[in-house]
Amino acid sequence: QTNQELSQLIKKHQPVLMHLLDSALSPAMLKNIAQNPPGAPWYGFARISREIADEDFCLSLKKSGCVMLKLGVESGDQEVLDKLNKGINLTDVAKALKALKKVGIAAYVYLLFGTPPENEESARKTMDFTVAHSANIDFLNLAIFNLPIASAEAQKLETDKFYEGDLSLYGSFRHPAGWDRQIARDFLEKTFKRN
């Protein structure tokens, strides 16, 4: 049904480029799109998976019109990824980035700094991972972690509101390793971005 809806929308609007807005296109959805190309160039968010690390699968995505995948890598330190329960393996990330580059699909990589398990050493590992794979990364999105106030992590940390009367979904927290938002931001500005 999704393919039929996409085909109807494409015929009606004739887009130059289509952005699929799912928070993460599943491997099954990507396979479906590869087998039933929508008829217009497209891009979207995807999780790193064994499929995306496979060059033949990436080639089928390219043939379906995929021009870019947005990937939440988050960290270049496997220990941080494991503690965040991301289910991401850096070996698969490296293979995926290489496969995407080889077939001509741009990689838009999201990195997240200041998470509770991160410290300066792990942030430097992220920088080193990024440098090592920079030839296969087309775009970078560098963000500072915001703690969701209703998250399991918030229950384990000393938290505070960003400001009085704050109604946001996020809160401030005391970082267990002293790697607070401003220190992480300084690292990005003075070290990471200068590399």
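Draft legend 1. Quick peek at the overall build of the protein. Scanning the protein from terminus to terminus reveals 8 helices and 8 strands. When each of the 195 residues of the protein is scored for burial, the buried share is 43%. Counting contacts in the protein only where the partners sit at least 6 residues apart, residues at least 24 apart contribute 69% of the total. As displayed, the protein offers around 11,100 Å² of accessible surface, 49% of which is attributable to carbon and sulfur atoms.

Draft legend 2. Highlighting the nonpolar core. Of all hydrophobic cores here, the largest spans 46 residues; its most connected members are Trp42, Ile52, Leu61, Leu69, Leu71 and Phe113. Residue contacts for leucine 61: discarding those within four places in its chain leaves Leu30, Ala34, Trp42, Cys66, Leu69 and Ile105. By size, the runner-up hydrophobic cluster in this structure holds 5 residues, among which are Tyr43, Met68, Ala106 and Tyr108.

Draft legend 3. Highlighting the sheet that holds strand S4 (residues 106–113). Spatially, S1-S2-S3-S4-S5 is the arrangement adopted by the 5 strands of the open sheet, whose pairing is parallel. Two strands in the sheet have a free side with no partner beyond their single neighbour: strand S1 (18–25) and strand S5 (139–144). On average, each strand axis in the sheet is tilted by 15° relative to the strand beside it, whichever way the strands run. Direction of pairing for strand S2 (residues 42–46) relative to strand S3 (residues 66–74): parallel, over a ladder of 5 bridges.

About the criteria used
Residues numbered from 1 in each chain as written. Predicted model: local features only at pLDDT ≥ 70, side-chain atom pairs only at ≥ 80, totals over all residues. Heavy atoms only, no water. Helix = DSSP H or I, 4+ residues; strand = E, 2+ residues; numbered from the N terminus. Buried < 20%, exposed > 50% of the residue type's maximum accessible area, 1.4 Å probe, protein only. Contact = heavy atoms within 4.5 Å. Areas by Shrake-Rupley, 256 points an atom, 1.4 Å probe, with all protein chains shown as cover. Core = buried A, V, L, I, M, F, W, Y, C linked by side-chain atoms within 4.5 Å. Pairing = 2+ DSSP bridges. Axes fitted to C-alpha atoms, helices over the stretch in contact; angles between N-to-C directions.

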